[in-house]
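Results of the structural survey
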Amino acid sequence: QVQLVESGGGLVQAGGSLRLSCVASGGAFNEYTMGWFRQAPEDREFVAGISWNDDRTSFADSVKGRFTISRDNAKNTVYLQMDSLKPEDTAVYYCGADWYGSTWDSLTYDFWGQGTQVTVSS
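Residues numbered from 1 in each chain as written. Predicted model: local features only at pLDDT ≥ 70, side-chain atom pairs only at ≥ 80, totals over all residues. Heavy atoms only, no water.

Okay, the packing of aromatic side chains next. Per the counting criterion, the structure on display carries eight aromatic pairs. When the centroid spacing of 6.1 Å and the interplanar angle of 65 degrees are considered together, the rings of Tyr32 and Phe111 count as edge-to-face. Highlighted residues: Tyr32 in strand S4 (residues 32-39) and Phe111 in strand S10 (residues 111-112), separated in sequence by 79 residues. As far as burial versus exposure is concerned, Tyr32 and Phe111 are alike and both buried. Linked through ring pairs, Phe37, Phe46, Trp104, Tyr109 and Trp112 together constitute an aromatic cluster. A cation sits over an aromatic face here: Arg44 above Tyr94, 3.7 Å from the ring centre. (Phe/Tyr/Trp six-rings, centres within 6.5 Å; stacked < 30°, edge-to-face > 60°. Helix = DSSP H or I, 4+ residues; strand = E, 2+ residues; numbered from the N terminus. Buried < 20%, exposed > 50% of the residue type's maximum accessible area, 1.4 Å probe, protein only. Lys NZ or Arg CZ within 6 Å of the ring centre and 35° of its normal.)

Further remarks concern the side chain of Asp89. Relative to the helices and strands, Asp89 resides in the loop between strand S8 (77-82) and strand S9 (91-99). Residues in contact with Asp89, not counting those within four places in the same chain, are Arg38, Val63, Arg66, Phe67, Val118 and Val120. (Contact = heavy atoms within 4.5 Å.)

Moving on, we come to the nonpolar core. Counting residues in each nonpolar core, the largest one holds 29 residues, and the members touching the most others are Leu4, Met34, Trp36, Val78, Leu80, Met82 and Tyr93. Residue assignment for this core shows that the elements contributing at least two residues are strand S3 (18-25), S4, strand S5 (44-50), strand S7 (67-72), S8, S9 and strand S11 (116-121). (Core = buried A, V, L, I, M, F, W, Y, C linked by side-chain atoms within 4.5 Å.)

All right, on to the state of the cysteines then. In this structure the tally under the stated criterion is one disulfide. Note on cysteine connectivity: Cys22 is disulfide-linked to Cys95, with sulfurs 2.1 Å apart. The chirality of the disulfide connecting Cys22 with Cys95 is left-handed, given an S-S dihedral of about -75 degrees. Linking Cys22 in strand S3 with Cys95 in strand S9, this pair joins segments that are 73 residues apart in sequence. With respect to class, Cys22 is no different from Cys95; both count as buried. (Disulfide = S-S within 2.5 Å.)

Next comes the structure, spelled out in structure tokens:
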């Protein structure tokens, strides 16, 4: 069983920045594709992902150019650097782990963190 713990959320004004962190334990971190999602009313919206093996990344159109995802396998940690934040970025952000994953579909993810709140004021 993999445990994921997110941190780094908070309140920031529009145009500001936050960095989210997700620390994994209980599994082989380098075997998991990692993703960041934010909660919609009935599903989790993909935000950014990074592959398990080659650091290939993907971003939602709404955040492309503003957010950066990275991972440090030595620290079992994935990061989401969020710059130029907008009020519409306000959400609970979740870190997910997908064993040898190759998609950005939340339904394929095996483990989830508890979420961290990001609030962007105008």
